[in-house]
Amino acid sequence: MAGLSLNPTKITTPTPHSCKPICRFNSLINPTKTQLKFPTNPSKTHPKLLHIPHSSVSESSVSVPKEEEVADEEEDDPTAEMSYFDRETDPESISEWELDFCSRPILDIRGKKIWELVVCDSSLSLQYTKYFPNNVINSVTLKNAIESISDELDVPLPEKIRFFRSQMQTIVTKACTELGIKPIPMCLSLILWLEERYETVYTQHPGFQQGFKPLLTLDNPFPMQLPENLFGEKWAFVQLPFSAVQEEVSSLETRLVFGASLDLDLLGIEVDANTLIPGLAVASSRAKPLAAWMNGLEVCSIEADTARACLILSVGISTRYIYATYKKTPVTTSEAEAWEAAKKACGGLHFLAIQDDLNSDDCLGFWLLLDLPPPPV
């Protein structure tokens, strides 16, 4: 592993309950914008979002002159529903879907909010949308809709379905369980797609309501105490060039390291090789079991909470842990703010590294993470 950039001065933590900062991130006290290219509108960079017909046939099955494609794109009906599968993709290769079932900032003829089911896979080879009145929102409706997607697009039911709204957990879990599908948290491609749909579909809909507040806002629960098996002994704010991050990601398979990666190409995220990616290094004398325990969680992101003088670990759909604490001083607050600013400059990209020693060149666990803002709907 490439050496993590940190201040060599170490502070031994007296107890795992209060991990103090052991480095300074001085180079990022006044961070500048990096060369990260993160699209605010994924359709401008993601080929799967271009020229998609609102029908059950795939784009590859029809031949349309370029002039007609442009005309069709300009005349897209925001009230239309989408049912699309790229026939160049092997249906059996898609084992996970991403799903959102929620109200939209749109009123129907009764003056009631319309609900919408949005489904895709991580590559956006599968895309499906359908509107529903607000009086049919239940697990039976969702179950039937999931089966309809499979039948209509001639694709098998997925092994797993990802979702991100905790308020819909009961409905999604019940529908999935009855179909033999495992519901799991976190949807990155879908959240990016919802951002794009807000601008290109919802705001153009004749029933759009300006200034509406989402009915199901994302939970931001009070952080809980960290389980004892997840305690580290020391930690540090660190940074790695993106090229070194890529090396660590490749080692997940070659060295059988615990952790998880992100397919940045599928997410439409481009990062310069020299861009410094902020991260958190955690050291423990029991690093391997610590990494193994962490691997059993759906690690989402890490946040420096300067108000509480702690680090927040988000896992699963709505679980937040106090991952570490530090003594609040002007210096530590500046370091935490600089780390958060660096993360923001990288479009939310950051990482978690677990090591047996902070001076080690090897990681026993490595997670590439993306902290996305909640979608506007």
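Residues numbered from 1 in each chain as written. Predicted model: local features only at pLDDT ≥ 70, side-chain atom pairs only at ≥ 80, totals over all residues. Heavy atoms only, no water.

Brief notes about the sheet that holds strand β1 (residues 83–85)
One key point about sheets: their strands pair by backbone hydrogen bonds, in either a parallel or an antiparallel sense.
No. 1: Spatially, β1-β4-β3-β2-β5-β6 is the arrangement adopted by the six strands of the open sheet, whose pairing is mixed. The sheet terminates laterally at β1 and β6 (182–185), the two strands that pair on one side only. Each adjacent strand pair in this sheet contributes to an overall mean axis angle of 25°, direction not counted.
No. 2: The sheet contact formed by strand β2 (residues 96–107) and strand β5 (residues 160–163) spans three bridges and is parallel. Each residue of the ladder has a partner; that of E98, found in β5, is R162. (Pairing = 2+ DSSP bridges. Helix = DSSP H or I, 4+ residues; strand = E, 2+ residues; numbered from the N terminus. Axes fitted to C-alpha atoms, helices over the stretch in contact; angles between N-to-C directions.)

Observations concerning helix α3 (residues 169–178)
No. 1: Of the positions making up α3, those classed as buried are I171, V172, A175 and C176. Along the long axis of α3, the arc covered by the buried residues comes to 120°, so they all point the same way. For α3, exposure combined with an orientation more than 90 degrees from the buried face picks out T170 and T177.
No. 2: On its buried face, α3 sits against β2, α2 (139–153), β5 and β6. (Buried < 20%, exposed > 50% of the residue type's maximum accessible area, 1.4 Å probe, protein only. Arc of directions from axis to C-beta. Contact = heavy atoms within 4.5 Å.)

What about the packing of α2 against α3?
A packed helix pair is summarised by two numbers, namely the angle formed by the two axes and the spacing between the axes.
No. 1: Where α2 contacts α3, the axes come no closer than 8 Å and their chain directions differ by 50°. In terms of orientation, α2 and α3 fall into the oblique class. Here α2 runs over α3; the crossing is right-handed. Here α2 contributes S139, L142 and K143 to the contact with α3, which in turn contributes I171, V172, K174, A175 and E178.
No. 2: Residue composition of the contact of α2 with α3, by class: four nonpolar, one polar and three charged. (Parallel < 35°, antiparallel > 145°, perpendicular 65-115°, else oblique. Left-handed = near helix turned anticlockwise from the far one by under 90°. Nonpolar A, V, L, I, M, F, W, Y, C, P; charged D, E, K, R; others polar.)

Details of the nonpolar core
No. 1: Ranked by internal contacts, the top residues of the largest apolar core, which has 48 residues, are Y202, L349 and F351.
No. 2: If you list the elements that add at least two residues to this core, you get β3 (113–120), α4 (188–200), β8 (234–241), α5 (242–254), β10 (276–283), β14 (349–355) and β15 (365–370).
No. 3: The element best represented in this core is α4, accounting for seven residues.
No. 4: If near-sequence neighbours (up to four positions away) are discounted, L349 is found in contact with F242, L262, L264, V271, I277, P278, K343, L368, L369 and L370.
No. 5: In this structure, F237, Y326, A336 and W339 belong to the second largest nonpolar core, which totals 28 residues. (Core = buried A, V, L, I, M, F, W, Y, C linked by side-chain atoms within 4.5 Å.)

Re helix α6 (residues 287–295)
No. 1: Inspection of α6 places A287, L290, A291 and M294 among the buried residues, and these make up the whole buried set. Around the axis of α6, the buried residues are gathered within 100° of arc, so they sit on the same side. When the buried face of α6 is taken as reference, the exposed residues oriented beyond 90 degrees from it are K288 and W293.

Looking at the environment of M294
No. 1: Within the fold, M294 resides in helix α6.
No. 2: By relative accessible area, which is 0% here, M294 ends up buried.
No. 3: For the pair M294 and W367, spaced 73 residues apart in sequence, the C-alpha to C-alpha distance is 9.7 Å.
No. 4: If we ignore the near neighbours within four places in the chain, the residues touching M294 are L230, V299, L313, Y323, L352, I354 and W367.

Observations concerning the packing of aromatic side chains
The geometry of an aromatic ring pair comes down to the distance between the two centres and the angle between the two planes.
No. 1: Scanning the entire structure with this criterion turns up seven aromatic pairs.
No. 2: With 5.5 Å between their ring centres and 75° between their planes, F101 and F132 make a pair best called edge-to-face. In this pair, F101 sits in strand β2 while F132 sits in strand β4 (residues 126–132), placing the two residues 31 residues apart along the sequence. The pair F101 / F132 is uniform in exposure class, with both members buried.
No. 3: Summarising the aromatic geometry, the rings of F237 and W339 are spaced 5.2 Å apart at their centres and angled 25° between planes, so their arrangement reads as stacked. One end of the pair, F237, is in strand β8; the other, W339, is in helix α7 (residues 330–345), and 102 residues separate them in sequence. Each member of the pair, F237 as well as W339, carries the same accessibility label: buried.
No. 4: Taking the ring centre of F132 as reference, the NZ or CZ of K130 above it sits at 5.9 Å.
No. 5: Above the ring of W193, the side-chain terminus of R197 is found at 5.7 Å from the ring centroid. (Phe/Tyr/Trp six-rings, centres within 6.5 Å; stacked < 30°, edge-to-face > 60°. Lys NZ or Arg CZ within 6 Å of the ring centre and 35° of its normal.)

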